[in-house]
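Reading the structure
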Amino acid sequence: MKQQLISSFSMFILFLHCANTFAQIPAAAPAQAPAVVVASPPAATPTQAAAPHGITNVTKILEKAGHFTIFIRLLRSTQEENHLFSALNDSSTGLTIFAPTDSAFSELKSGTLNTLSDGDKSELVKFHVVPTFLSTSQFQTVSNPLGTWAGTGNRLPLNVTSYPNSVNITTGLTNTSLSGAVYTDNQLAIYKIEKVLLPKDIFASNAPAPAPVAPAPEKPAKAVPAATVESPAASVDISSALIFTHNLVVGSAGLLASAIFSL
């Protein structure tokens, strides 16, 4: 009986010890939901500009580059800015733009842009846009004349010639070279030029008229032989003949008078 009491007491002590041990174990922290990692957008490269709705904004690029104030003004006044937005969003071939600097426009005759109609201003802007993307290396293989938004033909020629270190552009009225790349992203290329590309379609008729050609001198009329006139040295001296005639008449009159008186 005594041994049973001791055994029961020992088990009671062991139970109390186990209960105390479990009470000291801290409760497990509730499971936390996995953290959501938000990727930050990549930083814009120096050649990229803000674009509304994913469309490359040409005027923003030119504003950021600087020195294209007049060309930007033309893009906006002619509504070609909106045309560029639509074309870059829809085109699969891209665009190439030759952008004249402000100094290029300053070389034009004063008031040139003010004399143009709205249609001519629009055509002038379109003449600077090629409807395909052209890298500097692709100028070596293009076919001349280049087609532009303004069209093609003898009145709208645009020819390029590529050299190892330069690309030359001619229109028949303008001769210039690319002076640097403003922007390129494999869909849009903007190149800086130091002269405005003048299409013949607008400016050839406004060129100064050539000086009139002097009429060819008329052939002298065939000389008509003049009547033969004896020179004074060869003229006949008639004074002696007159004196002789006078004396003859006077002598005859004297003879006649003497005959009358003798009767």
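Residues numbered from 1 in each chain as written. Predicted model: local features only at pLDDT ≥ 70, side-chain atom pairs only at ≥ 80, totals over all residues. Heavy atoms only, no water.

**Some remarks on helix α2 (residues 58-65)**
Keep this limit in mind: The rule is simple: take the accessible area with a 1.4 Å probe, protein chains only, and divide by the maximum for that residue type; under 20% is buried, over 50% is exposed, in between is partly exposed. Numbering goes from the N terminus for both helices and strands, where a helix is a DSSP run of H or I of at least four residues and a strand is a run of E of at least two. Along the arc lie the directions from the helix axis toward the C-beta atoms.
Buried within α2 are the following residues: Val-58, Thr-59, Ile-61 and Leu-62. The buried residues of α2 occupy one face: seen down the axis, they fall within an arc of 160°.

**Things to note about the environment of Phe-98**
Note the cut-off: Whether two residues are in contact is decided by their heavy atoms, any of which lying within 4.5 Å being enough.
Along the chain, Phe-98 turns up in strand β1 (residues 95-100). For the pair Phe-98 and Lys-192, spaced 94 residues apart in sequence, the C-alpha to C-alpha distance is 6.1 Å. For Phe-98, the contacting residues outside a window of four places in its chain are Phe-71, His-128, Val-130, Phe-139, Leu-158, Ile-169, Leu-178, Tyr-191, Ile-193 and Leu-197.

**Thoughts on the side chain of Thr-78**
Mapped onto the elements of the fold, Thr-78 is located in the loop between α3 (69-77) and α4 (80-90). Judged by its relative accessible area of 14%, Thr-78 is buried. The residues touching Thr-78, leaving out its near neighbours within four places in the chain, are Lys-121, Ser-122 and Val-125.

That is the geometry; function is a separate question.
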